[in-house]
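Secondary and tertiary structure notes
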Amino acid sequence: LYLSVTDLFNYLEIKNDHSPEFDSVTGFFLNSNNNYLIDYKALRIVLNGKTYLLNADDMVQTQMGLYLRSTIFGKIFGLDCIFNFRSLSVDLHTKLELPAIRIKRQQLLRQNISKLKQEITPDTIIQNKYPAFNFGTADWTITTTHQKQEAANTMLNLRVGAIVAGGETDVTINYNYKEKINLKQQNYLWRYVNNDNETVRQVIVGKIPLQSTASLITPVVGVQITNAQTTFRRSFGTYTLSDFTEPAWVVELYINNILVEYTKADASGFYTFQVPMVYGNSTLQLRFFGPGGEERTKEENIFVPSTFLPKNEFEYTMSAGVLEDNKQSRFSRVDMKYGLSSILTIGSGIEYLSSVSSGTAMPFINAFFKPAANLILSADYTYDVRAKAIMSYRLPSDLTFELDYIKYKEGQQAINLNLIEERKAIISQQFKTNTSSIYTRLTIDNMVYPNSKQTIADLLLSGTWKGIGSNLTTYAQFMNSAYLNIYSNLALALRLPGKISFRPQMQYGYSNKSINSVKIESEKQLFGNGYFNITYENNFITHIPSFSLGLRFDLSFVRASFSARQANNNVIYSQTLAGGIIYDGKTNYLNFNNRNNVGRGGLEIYPYLDLNANNQRDPGEPKIKGLELKINGGRVQSNVRDTTIQVFDLIPYTSYLIELNPNSFDNIAWQLKKSMFKVTIDPNKVKLLEIPVKVSGEASGMVYGCSRDSIGQDRIVIDFYQGSRLVGKTITESDGNFSFLGLLPGTYTACVDPEQLNKLKMRAFPSSASFKVKVKTDGDVVSNINFKLNRLVDKM
C-alpha cells in the first residue's frame, strides 16, 4: 500500500508544502525545529538533519501527488500504518502526540467549558412573541362523594391558562355543591415577564406570591414589581428540604416555577430533597400527586433560607395589596438586596400591615455570609418583631448541621405565635451503597413560651435495601419537664410478585407500652395502566377500624379513580376524574391528556419542503415525516397523522436547545438548512416552529485525462458557481467520475478548478459548462457534465 504524503499529513495537521510537479514535500514534523524533506529525485528523506535513503519502489510520483510505501511512515516518522486488505482500511498507531489529536482535545475542552458556562451557539434564535390574547391550556378535576342519609356532593376544580394583553394569565375556579361560591377560594394571577429588561423584569397582578414577616392567613390581592429573573440561575450549594405527605405520593420540587427534581415519598410519606441554592430571591413550590389520581392543588411556598446575589448585583421586589380578611387589611413590602461580594449579600426593606396593633410599619435588615465552601450564615432583624439567625454546615462526608435561633419581641402581634424564643438543631446524614440508601435525621426543637417550655425531638431513619423501603420515626415531647410522650412509627414498602405492592404501618407508644394503631395497604397493577388497592386501618385508642377498596386508571386522556371506604358503620363512595387540555388556535391543535398543563408551554415542530428556497412555508409546500431531534427538556410526542412533532411540559420563559438530525430523511435530496435552534418558550401556549427542508439537486459528470484511450482522471477539483458566487467544490473519483449534491433550484456553471489547472499546466475543454436545476419534490439530477484535460505545450 502506498499513501499520499500530503493527504495523510493534512489529515494529521502536520505542516507540509509540495512542489508543483509533486517531486518533493517539505515542512516540519510536530515542532517548527524538526524540519523534513521528502525528495523523490534523490530517493531520500531528511528528518531533523538525519538522512534516510530509500529504494526505488519505496516512493511513487503521479500527476496528483507523491506517495510513500506505508511501512516507511512507521520506520522514519513513527506513524505505524497497518493495512487491512480485506476492509481496504489503514489503522494508524503512534506514541506521538499528533497535532490533530491535540486540536481535537482543545476543541473538546472548549465545548465542556461552554457547557459549564451554559454558552450555546445555535443557528437560529427564536424569541418570545406574546399575542394580545391566546387560550392555550386547562386542567380540571371532578370529584363526587356520597354516603348514607346524606345528599351526594360534587366538587370541581378548573384551572385555565391563557395569554392576555401579552401576559401570562392563570385563573383557578373551585366549586363545592354544598357551599356557596367564595371568592377567597378562587385564584387569579396575571404576570408580564421580560427578562431582557434589567429595570423591571416582572409585573404581577392578582393574588400575588409573598415572602412576608407577618403572618398572612388569607391571600393578598395586589401588585408586585421586581427585577428578579424568572430563569433558573447558577446554583452555588445545596441544603436539605424534607417533610411528610401521603405514602407513595409523588412530590415535585419547583424553583421559580421551574421543575428541578421530583421524588416519591417512602412508606410513611416522608420525602427529602437536596435543594440547589441559586443566586437571587427564589421561591420554592411543592406539588403533590397521589397514586389514585389525587392532586394537591395548593402549593407550599418555601423560601430559600439564604438569598445570595452575584457581586455588584442589585435586586428588588415591591409588593402592595389588600388582604382578603374581614378587616380588608392593607399590606405592602419593599425588599432590596445587594451583592457586596461573592460571599456576602446584604439587604434591607420595610413591611407594612395595617392590622398589626403592635406596630404597622416593620423595617428590617438582613445579611447572608458564606465564609467557607460548606458554611452558610444568615441573619435577619425586623424592628419590634424578631431577630433570627441560621447556621448551616456540611462536611465532605455529607454530614450536615443546622442551627436556628429566633428571638421574638415580647408583645409583638405581627407573627401569630405566642413565643419568646425558639431554638432548633438539625443533624442529618445520607448513606448510599450499591444496594441500599439510608437517610437519618435528628431534630431537636426547643420553644419558650411566656409561662412554659416545650421540647420536641424526632429521630428519623428512612431507607431502601434491595427494593424494600422502610421508615422508622421516633417522637418525644417534653413539657415543663413533667409531661413526657414518646412513640414510634414504623412503615415498610415491599414489592411482591405479580406486580403487587404491600405497605404495612404500625405506631407503638412507649408511654402506654402498647400498639396505638396499625395500617395495611396493598395495590395490584392491572392491564398496564390500571391499579386496584385495598386498605385496612385500626386505631386502638379510638377503637375505630376502617376498610377501603379502590380502583384507578391512567388513560392517555384522563385519570379516573373510584373508591369505597367503610368506617364506624358508614360507607363513603368517591369518584374522581381529572385531566388536561392543550389548544393552539393557529394550527387548530387540540389535545386531551392526563397531565397538568397550566403554567407550562409547548412546541409544535412542523417540517416542510421549502421548494422555492425562500425560508417561508408557501401554499403547495408539503409536510414531510421522519425528522429526528433532541431537546434538553420536555416530553416529545410525534403525531403520525400529520407528521408534526409536539413537545410538552416545557418551562415558560426558558430557552431550550433543539438539535435536528441532518440524516433524518430517507431521501438524500432533502437537506436541512439549519440544524440548531434556540427557542424561548411562551407560557400557556404551543409555539409553532416551522422547519424548512431544502430540496437539493445533484450534478454529475466525468473528467477525462490526457491519454488517447480517454481514461478518467482522478483527484481533479470541480468548482460550481451561481453567477459569480462559488457555491461548492467536489473532487473526481479514481475513475474520473464526480458528483455534487446540495444545489438549490437555479442556474449554475461548473468548471475545472483554475488554480489546479495552472499547477498541473493543463487546460480543460470545455472551459465551463452551464446547467439548470429544476424544482422537483424528490430533487433534480443533472448528468453528463464532462470535461477533457489537455496538457499545455511549452513555448520555445
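Residues numbered from 1 in each chain as written. Predicted model: local features only at pLDDT ≥ 70, side-chain atom pairs only at ≥ 80, totals over all residues. Heavy atoms only, no water.

Details of the overall build of the protein
Regarding its fold elements, the protein presents four helices and 58 strands. In terms of overall size, the protein is more extended than a compact globule, its C-alpha atoms giving a radius of gyration of 37 Å where 796 residues would be expected to give roughly 28 Å. Its C-alpha atoms put the protein at 120 × 65 × 60 Å along the principal axes. For the protein, with 796 residues in total, the buried portion stands at 42%. Put simply, of all contacts in the protein between residues at least 6 apart along the chain, 50% involve residues at least 24 apart. With the model as given, the accessible surface of the protein reaches about 42400 Å², and the carbon-plus-sulfur share is 55%. The protein carries 83 positive and 72 negative side-chain charges, and their two centres are separated by 1 Å. (Helix = DSSP H or I, 4+ residues; strand = E, 2+ residues; numbered from the N terminus. Rg over C-alpha atoms; globule rule 2.2 N^0.38 Å. Buried < 20%, exposed > 50% of the residue type's maximum accessible area, 1.4 Å probe, protein only. Contact = heavy atoms within 4.5 Å. Areas by Shrake-Rupley, 256 points an atom, 1.4 Å probe, with all protein chains shown as cover. Lys, Arg positive; Asp, Glu negative; His and termini not counted. Charge placed at Lys NZ, Arg CZ, Asp CG, Glu CD.)

Observations regarding the environment of leucine 757
Locating leucine 757 in the fold gives a position in helix 4 (residues 754–760). By relative accessible area, leucine 757 is classed as buried at 13%. Counting along the chain gives 33 residues from leucine 757 to asparagine 790, while the straight-line C-alpha distance between them is 9.8 Å. Excluding anything up to four places from it in sequence, leucine 757 contacts Val752, Met762, Arg763, Ala764 and Leu789.

Thoughts on the sheet that holds strand 11 (residues 124–126)
Read across the sheet, four strands follow the order 11-49-47-44 without closing on themselves; strand pairing throughout is mixed. Because the sheet does not close on itself, it has two edges, and the strands there are strand 11 and strand 44 (629–631). Each neighbouring strand pair of the sheet contributes to a mean axis angle of 20 degrees, computed without reference to strand direction. Here three bridges tie strand 11 to strand 49 (residues 676–680), and the two strands are oriented parallel to one another. Directly across from isoleucine 125, in strand 49, lies its bridge partner lysine 678. (Pairing = 2+ DSSP bridges. Axes fitted to C-alpha atoms, helices over the stretch in contact; angles between N-to-C directions.)

Focus on the pattern of salt bridges
The full count for this structure, using the stated rule, is 30 salt bridges. Between lysine 15 and aspartate 17 there is a salt bridge; the shortest N-O distance is 3.7 Å. Through salt bridges with shared partners, one network takes in Arg333, Asp335, Lys337 and Glu351. (Salt bridge = Lys/Arg side-chain N within 4 Å of Asp/Glu carboxyl O.)

Some thoughts on the state of the cysteines
Under the criterion given, the structure shown has zero disulfides. No disulfide involves cysteine 751; its sulfur sits 17 Å from that of cysteine 706, the nearest cysteine. Look at cysteine 751 and you get buried, because its relative accessible area is 11%. (Disulfide = S-S within 2.5 Å.)

Bear in mind that shape data such as this cannot, by itself, settle questions of function.
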